[in-house]
Amino acid sequence: MKEKFMREAIRLSLAKMKADCGGPFGAVVVRKGKIVGRGWNRVSSTNDPTAHAEVSAIRDACKKLKTFQLDDCELYTSCEPCPMCLAAIYWARLRKVYYANTRKDAAKIDFDDDLIYSEVARPVSRRIIPMKQLLRPEALEVFKSWKNKTDKIRY
């Protein structure tokens, strides 16, 4: 079964790349042996830098399942997830990820995520994109309100 789901992720990557939807990446979310979400890279076709295959598949599955947690699901992706997709996988609480190509394979065709991996590990003050903190006391008031909110939905 695992190979069947990976083949679907790979099929999506090829079909959608040939259809000029974006880069050569596809992904599916599986729950209880059934595909509940499909995604492919849509960056260039939607002008959305966050429209990666894994994020698209997670969004599709969450919409269909009417939930923001996929802790009883697995992700099959045609390539090792980039840092953004990896974060989305953790936020969605997916229980397992299967991937085909590696990030080194992706780098060989000019999809190189090493800069982002290294930037995440750096202190904020040493990152390439300057980051400056503003209005923390005002923003903390919102956090205090959230902490005290009795009817919040935790995630």
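Just so it is clear, the model here is predicted, and its values are computed rather than measured. Each chain has its residues counted from 1, following the order in which its sequence is written. It should be noted that, the model being predicted, local features are given only for residues of pLDDT at least 70 and side-chain atom pairs only at 80 or more, the latter also being counted only at that level, while totals for whole chains, interfaces and linings use all residues. For side-chain calculations, the full set of non-hydrogen atoms in the structure is used, while hydrogens and water are omitted.

Enquirer: When you look at the state of the cysteines in this model, what are you seeing that I'm missing?
Expert: Two cysteines, two sulfur atoms, one covalent bond between them: this is a disulfide. A pair of cysteine sulfur atoms is labelled a disulfide when the two atoms are within 2.5 Å. Counted under the stated rule, the structure contains 0 disulfides. Its sulfur unpaired, Cys82 is 3.7 Å from the next cysteine sulfur, which belongs to Cys85. For the exposure calls, accessible area comes from a 1.4 Å probe over protein chains only, and a residue counts as buried if that area is under 20% of its type's maximum, exposed if over 50%, partly exposed in between. The exposure class assigned to Cys82 is buried, which follows from its relative accessible area of 9%.

Enquirer: What is the right way to read the packing of aromatic side chains from this model?
Expert: Here the distance between the centres and the angle between the planes together describe a pair of aromatic rings. Two aromatic rings, drawn from Phe, Tyr or Trp (for Trp, its six-membered ring), form a pair once their centres lie within 6.5 Å of each other, and the interplanar angle then sorts them: stacked below 30 degrees, edge-to-face above 60, tilted otherwise. Tallied over the entire structure, the rule returns 5 aromatic pairs. The interplanar angle of 90° and the centroid separation of 4.9 Å between the aromatic rings of Phe25 and Phe111 together place this pair among those described as edge-to-face. Of the two residues, Phe25 is situated in the loop between helix H1 (2–18) and strand S1 (26–31) and Phe111 in the loop between helix H5 (103–108) and helix H6 (114–121); the sequence distance between them amounts to 86 residues. For Phe111, a relative accessible area of 32% translates into the label partly exposed. Here, a charge over a ring is recorded when the distance from Lys NZ or Arg CZ to the ring centre is within 6 Å and its angle to the ring normal is within 35 degrees. Sitting over the ring of Trp40, Lys16 keeps its end group 4.2 Å from the ring centre. Here the basic side chain of Arg103 rests over the ring of Tyr117, its NZ or CZ set 3.7 Å away from the ring centre. Under the DSSP-based scheme used, a helix requires at least four consecutive residues in state H or I and a strand at least two consecutive residues in state E, with every element numbered from the N terminus.

Enquirer: Honestly, the layout of surface pockets in this entry has me stumped. Any pointers?
Expert: One way to see where empty space is left: roll a probe the size of a water molecule over the atoms. Taken as a whole, the largest pocket encloses approximately 210 Å³ of empty space. Points on a 1 Å grid over protein atoms alone make up a cavity when a 1.4 Å probe fits among them but cannot get out, and a pocket when they form an open set with protein on both sides within 12 Å along at least five of seven lines; lining residues each have an atom within 4 Å of a point. In this structure, the largest pocket is lined by 13 residues; those nearest its centre are Phe25, His52, Cys82, Phe111 and Asp113. Here the lining of the largest pocket is composed, by residue class, of 8 nonpolar, 2 polar and 3 charged. Grid points are joined across faces, edges and corners, and a volume is the space filled by probe spheres set on the points. Residues are sorted three ways: Asp, Glu, Lys and Arg are charged, Ala, Val, Leu, Ile, Met, Phe, Trp, Tyr, Cys and Pro are nonpolar, and all the rest, Gly among them, are polar.

Enquirer: In this structure, what is going on with the nonpolar core? I would like to understand it.
Expert: Grouped burial of nonpolar side chains is what soluble globular proteins tend to show. Residues Val29, Ile58, Leu70, Leu75 and Leu94 are the most contacted members of the largest nonpolar core, which totals 17 residues. Elements that contribute at least two residues to this core include exactly S1, helix H3 (53–65), strand S3 (73–79) and helix H4 (83–92). The leading source of residues in this core is H3, at 5 residues. We call two residues contacting when some pair of their heavy atoms lies within 4.5 Å. Ignoring anything within four residues of it in the chain, the contact list for Leu94 reads Val29, Ile58, Leu70, Cys73, Glu74, Leu75 and Ile89. In this text, buried Ala, Val, Leu, Ile, Met, Phe, Trp, Tyr and Cys residues form a nonpolar core when linked through side-chain atoms within 4.5 Å. In terms of nonpolar packing, the next biggest core, distinct from the first, is built from 10 residues, Phe5, Val30, Tyr76 and Tyr98 among them.

Enquirer: Help me understand a nonpolar patch on the surface in this model?
Expert: Patch rule: a residue counts if its relative accessible area is over 30% and it has no salt bridge; like charges are joined within 9 Å, and nonpolar side chains (Val, Leu, Ile, Met, Phe, Trp, Tyr) within 5 Å. All accessible areas in this document rest on Shrake-Rupley with a 1.4 Å probe, and a residue is counted as covered only by the protein chains that are shown. Salt bridges are defined as contacts in which a side-chain nitrogen from Lys or Arg sits within 4 Å of a carboxyl oxygen from Asp or Glu. Where nonpolar side chains cluster on the molecular surface, the patch consists of Leu115, Ile116, Val120, Val124, Ile128, Ile129 and Met131 and spans about 690 Å² of accessible area. Along the polypeptide, Val124 turns up in the loop between H6 and helix H7 (136–148). Take Val124: its relative accessible area is 44%, and that puts it in the partly exposed class.

These results come straight from atomic positions and should not be treated as a statement about function.
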